[in-house]
Amino acid sequence: AAREAEAAIIRENSRGWIVAPSYELANKIGREIHENLILKYKFPTINKRVVGGQLYYAKFINRSEVWIKSADSPDTGLVGEGLDWLIIDEAALISRIIWEQYLRPTLSDRQGWALFVSTPRGYNWLYDLYTRGQSSDHSDWASWQHPSSSSRYFRDNVDDLKNELTKETFEQEYL
(Lines give C-alpha, C1' and ligand atoms only; values in the text may rest on other atoms or scores of the structure.)
Protein backbone atom coordinates (compact mmCIF):
# COMPACT_ATOMS: atom_id res chain seq x y z
CA ALA A 1 0.00 0.00 0.00
CA ALA A 2 2.85 2.38 0.78
CA ARG A 3 4.36 1.77 -2.66
CA GLU A 4 0.99 2.59 -4.29
CA ALA A 5 0.82 5.80 -2.26
CA GLU A 6 4.38 6.72 -3.24
CA ALA A 7 3.59 6.19 -6.93
CA ALA A 8 0.59 8.50 -6.54
CA ILE A 9 2.60 11.10 -4.60
CA ILE A 10 5.27 11.48 -7.26
CA ARG A 11 2.58 12.45 -9.78
CA GLU A 12 2.25 16.21 -9.85
CA ASN A 13 -0.53 17.84 -7.85
CA SER A 14 -2.11 14.66 -6.44
CA ARG A 15 -3.93 14.61 -3.14
CA GLY A 16 -4.44 11.48 -1.08
CA TRP A 17 -5.33 10.11 2.29
CA ILE A 18 -4.28 7.03 4.19
CA VAL A 19 -7.11 6.12 6.54
CA ALA A 20 -7.34 3.38 9.16
CA PRO A 21 -9.46 2.79 12.27
CA SER A 22 -6.81 4.63 14.32
CA TYR A 23 -3.80 6.87 13.73
CA GLU A 24 -1.57 4.10 15.02
CA LEU A 25 -2.75 1.73 12.28
CA ALA A 26 -2.71 4.38 9.54
CA ASN A 27 0.78 5.38 10.50
CA LYS A 28 2.17 1.98 9.58
CA ILE A 29 1.81 3.02 5.94
CA GLY A 30 2.76 6.61 6.79
CA ARG A 31 5.98 5.36 8.37
CA GLU A 32 6.87 3.46 5.20
CA ILE A 33 6.29 6.57 3.08
CA HIS A 34 8.32 8.72 5.46
CA GLU A 35 11.24 6.29 5.63
CA ASN A 36 11.29 5.47 1.93
CA LEU A 37 10.16 8.51 -0.05
CA ILE A 38 11.27 11.31 2.29
CA LEU A 39 14.31 9.94 4.14
CA LYS A 40 15.78 7.37 1.75
CA TYR A 41 15.00 8.94 -1.64
CA LYS A 42 14.89 12.51 -0.29
CA PHE A 43 11.85 13.51 -2.33
CA PRO A 44 11.68 17.21 -1.44
CA THR A 45 8.91 18.40 0.85
CA ILE A 46 7.58 21.94 1.10
CA ASN A 47 5.80 21.28 4.36
CA LYS A 48 5.36 18.28 6.62
CA ARG A 49 3.99 17.44 10.03
CA VAL A 50 5.90 14.77 11.91
CA VAL A 51 5.09 14.20 15.58
CA GLY A 52 7.10 11.74 17.61
CA GLY A 53 8.61 10.38 14.42
CA GLN A 54 5.17 9.75 12.91
CA LEU A 55 4.16 11.40 9.65
CA TYR A 56 0.73 13.04 9.68
CA TYR A 57 0.96 15.27 6.61
CA ALA A 58 3.37 16.09 3.82
CA LYS A 59 3.26 18.46 0.87
CA PHE A 60 5.93 17.84 -1.71
CA ILE A 61 7.75 20.05 -4.19
CA ASN A 62 5.49 18.77 -6.99
CA ARG A 63 2.45 20.07 -5.02
CA SER A 64 1.26 16.57 -4.12
CA GLU A 65 -0.09 15.98 -0.63
CA VAL A 66 -0.59 13.01 1.64
CA TRP A 67 -2.58 13.02 4.89
CA ILE A 68 -2.57 10.27 7.51
CA LYS A 69 -6.09 10.02 8.95
CA SER A 70 -8.04 8.11 11.56
CA ALA A 71 -11.63 6.99 11.00
CA ASP A 72 -12.46 7.41 14.70
CA SER A 73 -13.82 10.99 14.32
CA PRO A 74 -15.31 11.10 10.83
CA ASP A 75 -17.31 14.31 11.27
CA THR A 76 -14.17 16.34 11.89
CA GLY A 77 -11.45 14.47 10.05
CA LEU A 78 -13.01 12.87 7.00
CA VAL A 79 -15.07 15.58 5.30
CA GLY A 80 -14.75 18.36 2.77
CA GLU A 81 -11.85 17.22 0.63
CA GLY A 82 -11.57 16.08 -2.97
CA LEU A 83 -9.05 13.27 -3.38
CA ASP A 84 -7.16 11.67 -6.25
CA TRP A 85 -6.47 8.56 -4.21
CA LEU A 86 -7.39 6.92 -0.95
CA ILE A 87 -5.87 3.96 0.86
CA ILE A 88 -7.93 2.36 3.60
CA ASP A 89 -5.89 0.09 5.86
CA GLU A 90 -7.61 -2.57 7.95
CA ALA A 91 -10.74 -1.67 6.04
CA ALA A 92 -12.77 -4.52 7.55
CA LEU A 93 -12.54 -2.75 10.92
CA ILE A 94 -14.16 0.40 9.52
CA SER A 95 -17.94 0.54 9.21
CA ARG A 96 -19.80 0.63 5.92
CA ILE A 97 -21.16 4.06 6.91
CA ILE A 98 -17.63 5.49 7.13
CA TRP A 99 -16.94 4.27 3.59
CA GLU A 100 -20.26 5.27 2.07
CA GLN A 101 -20.92 8.60 3.80
CA TYR A 102 -17.43 9.97 4.41
CA LEU A 103 -14.73 8.34 2.33
CA ARG A 104 -16.41 7.47 -0.98
CA PRO A 105 -17.64 11.04 -1.55
CA THR A 106 -14.07 12.38 -1.31
CA LEU A 107 -13.25 10.59 -4.56
CA SER A 108 -16.08 12.07 -6.63
CA ASP A 109 -14.73 15.56 -7.39
CA ARG A 110 -11.43 14.35 -8.77
CA GLN A 111 -12.50 10.89 -9.99
CA GLY A 112 -10.13 9.30 -7.51
CA TRP A 113 -9.34 5.69 -6.80
CA ALA A 114 -9.34 3.66 -3.60
CA LEU A 115 -7.26 0.74 -2.37
CA PHE A 116 -8.66 -1.36 0.47
CA VAL A 117 -6.13 -3.35 2.50
CA SER A 118 -7.35 -5.67 5.20
CA THR A 119 -7.43 -8.95 6.97
CA PRO A 120 -10.94 -10.31 6.34
CA ARG A 121 -13.43 -10.21 9.16
CA GLY A 122 -16.11 -12.53 7.82
CA TYR A 123 -18.70 -11.73 5.18
CA ASN A 124 -19.27 -8.00 5.66
CA TRP A 125 -19.41 -4.87 3.48
CA LEU A 126 -15.75 -5.29 2.54
CA TYR A 127 -16.46 -8.80 1.32
CA ASP A 128 -19.24 -7.33 -0.82
CA LEU A 129 -16.72 -4.95 -2.40
CA TYR A 130 -14.25 -7.81 -2.82
CA THR A 131 -16.83 -9.81 -4.79
CA ARG A 132 -17.47 -6.73 -6.95
CA GLY A 133 -13.80 -6.85 -7.91
CA GLN A 134 -14.19 -10.49 -8.91
CA SER A 135 -17.20 -9.80 -11.12
CA SER A 136 -17.02 -9.06 -14.86
CA ASP A 137 -19.99 -6.71 -14.29
CA HIS A 138 -17.62 -4.21 -12.61
CA SER A 139 -14.67 -3.91 -14.98
CA ASP A 140 -13.25 -0.88 -13.16
CA TRP A 141 -12.88 -2.91 -9.94
CA ALA A 142 -10.24 -5.54 -9.14
CA SER A 143 -9.74 -7.77 -6.10
CA TRP A 144 -6.84 -9.87 -4.91
CA GLN A 145 -5.99 -11.94 -1.91
CA HIS A 146 -2.55 -12.91 -0.72
CA PRO A 147 -1.58 -14.96 2.32
CA SER A 148 0.38 -13.16 5.01
CA SER A 149 3.00 -15.85 4.76
CA SER A 150 3.94 -14.56 1.28
CA SER A 151 4.89 -11.15 2.69
CA ARG A 152 8.56 -10.22 2.67
CA TYR A 153 8.12 -9.32 6.35
CA PHE A 154 6.75 -12.72 7.39
CA ARG A 155 9.18 -14.63 9.63
CA ASP A 156 7.03 -17.06 11.61
CA ASN A 157 6.95 -20.83 11.14
CA VAL A 158 3.72 -21.74 9.33
CA ASP A 159 3.63 -25.28 10.77
CA ASP A 160 3.93 -23.93 14.32
CA LEU A 161 1.08 -21.52 13.67
CA LYS A 162 -1.14 -24.31 12.32
CA ASN A 163 -0.54 -26.26 15.54
CA GLU A 164 -1.03 -23.29 17.90
CA LEU A 165 -4.14 -21.66 16.44
CA THR A 166 -7.64 -22.75 15.60
CA LYS A 167 -8.17 -23.54 11.95
CA GLU A 168 -10.47 -20.51 11.59
CA THR A 169 -7.96 -18.09 13.14
CA PHE A 170 -5.06 -19.49 11.13
CA GLU A 171 -6.98 -19.18 7.88
CA GLN A 172 -8.22 -15.64 8.62
CA GLU A 173 -4.96 -14.20 9.88
CA TYR A 174 -2.41 -16.04 7.74
CA LEU A 175 -4.07 -17.44 4.61
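Residues numbered from 1 in each chain as written. Predicted model: local features only at pLDDT ≥ 70, side-chain atom pairs only at ≥ 80, totals over all residues. Heavy atoms only, no water.

1. Observations concerning the side chain of Glu90
With respect to the helices and strands, the residue Glu90 is situated in the loop between strand E5 (85-89) and helix H4 (96-103). Arg121 provides the closest opposite charge to the buried, unpaired Glu90, separated from it by 4.4 Å. When near neighbours in sequence (up to four residues on either side) are disregarded, Glu90 contacts Pro21, Leu25, Val117, Ser118, Thr119 and Arg121. (Helix = DSSP H or I, 4+ residues; strand = E, 2+ residues; numbered from the N terminus. Buried < 20%, exposed > 50% of the residue type's maximum accessible area, 1.4 Å probe, protein only. Lys, Arg positive; Asp, Glu negative; His and termini not counted. Salt bridge = Lys/Arg side-chain N within 4 Å of Asp/Glu carboxyl O. Contact = heavy atoms within 4.5 Å.)

2. Comments concerning the layout of surface pockets
Here the largest pocket defines a volume of roughly 2,400 Å³. In terms of lining residues, the largest pocket is bounded by 50 residues, among which Phe116, Val117, Ser118, Thr119 and Trp144 are the most central. When its residues are assigned to classes, the lining of the largest pocket shows 25 nonpolar, 12 polar and 13 charged. (1 Å grid on protein atoms, 1.4 Å probe; cavity = no way out; pocket = protein on both sides within 12 Å on 5 of 7 lines; lining within 4 Å. Points joined across faces, edges and corners; volume = space filled by probe spheres on them. Nonpolar A, V, L, I, M, F, W, Y, C, P; charged D, E, K, R; others polar.)

3. Quick word on unusual backbone geometry
As a rule of thumb, non-glycine residues mostly have phi less than zero, and peptide bonds are mostly trans rather than cis. Of note, Glu90 is a non-glycine position whose phi angle comes to about 50 degrees, a positive value. The buried category is assigned to Glu90, whose relative accessible area is 18%. Although it is not a glycine, Gln111 sits at a positive phi angle of roughly 50 degrees. Examined against the element boundaries, Gln111 turns out to sit in the loop between H4 and strand E6 (113-117).

4. Some remarks on the sheet that holds E6
Through backbone hydrogen bonds, the strands of a sheet pair up, either in parallel or in antiparallel fashion. Within the open sheet, the 6 strands sit side by side as E2-E3-E4-E1-E5-E6. Their pairing is mixed. Whereas interior strands pair on both sides, the edge strands pair on one side only; in this sheet they are strand E2 (45-51) and E6. The average undirected angle you get between the axes of adjacent strands in this sheet is 15 degrees. The pairing of E5 with E6 spans 5 bridges and is classified as parallel. Residue pairing for E6: Ile87 is matched across the bridge by Leu115. On the sheet, helix H2 (residues 23-40) packs against strand E1 (15-20), E2, strand E3 (54-60), strand E4 (65-70) and E5 and is oriented at approximately 50 degrees with respect to E3. (Pairing = 2+ DSSP bridges. Axes fitted to C-alpha atoms, helices over the stretch in contact; angles between N-to-C directions.)

5. Quick look at the environment of Ala58
Take Ala58: it is sitting in strand E3. Between the C-alpha atom of Ala58 and that of Ile46, which follows or precedes it by 12 residues, the distance is 7.7 Å. Dropping the residues within four chain positions of it, Ala58 is found in contact with Ile38, Asn47, Lys48, Ser64, Glu65 and Val66.

6. Points about the nonpolar core
Counting 19 residues, the largest nonpolar core has Ile9, Ile18, Ile33, Phe60, Val66, Trp85 and Ile87 as its most contacted members. Elements with a contribution of two residues or more to this core: helix H1 (2-9), E1, H2, E3, E4 and E5. For this core, the element with the most residues is H2, which contributes 5 residues. With 18 residues, the next largest nonpolar core counts Trp17, Val19, Ala71 and Leu78 among its residues. (Core = buried A, V, L, I, M, F, W, Y, C linked by side-chain atoms within 4.5 Å.)

7. As for the side chain of Thr106
Relative to the helices and strands, Thr106 is located in the loop between H4 and E6. From its side chain, Thr106 meets the backbone oxygen of Leu103 in a polar contact 2.6 Å long. (Polar contact = N/O pair within 3.5 Å; in protein donor to acceptor, adjacent residues only side chain to side chain.)

8. Quick notes on the packing of aromatic side chains
A full pass over the atoms with the stated rule returns 11 aromatic pairs. Centroid distance Trp99 to Phe116: 4.8 Å. Interplanar angle 75 degrees. Geometry classified as edge-to-face. In this pair, Trp99 is assigned in helix H4 and Phe116 in strand E6, connecting sequence segments 17 residues apart. Ring pairs connect the aromatic residues Trp99, Phe116, Trp125 and Trp141, which therefore count as one cluster. Directly above the ring of Trp67 sits Lys69, whose terminal nitrogen or CZ lies 5.2 Å from the centroid. Positioned above the aromatic ring of Trp141, the side-chain terminus of Arg132 is 5.0 Å from the ring centre. (Phe/Tyr/Trp six-rings, centres within 6.5 Å; stacked < 30°, edge-to-face > 60°. Lys NZ or Arg CZ within 6 Å of the ring centre and 35° of its normal.)

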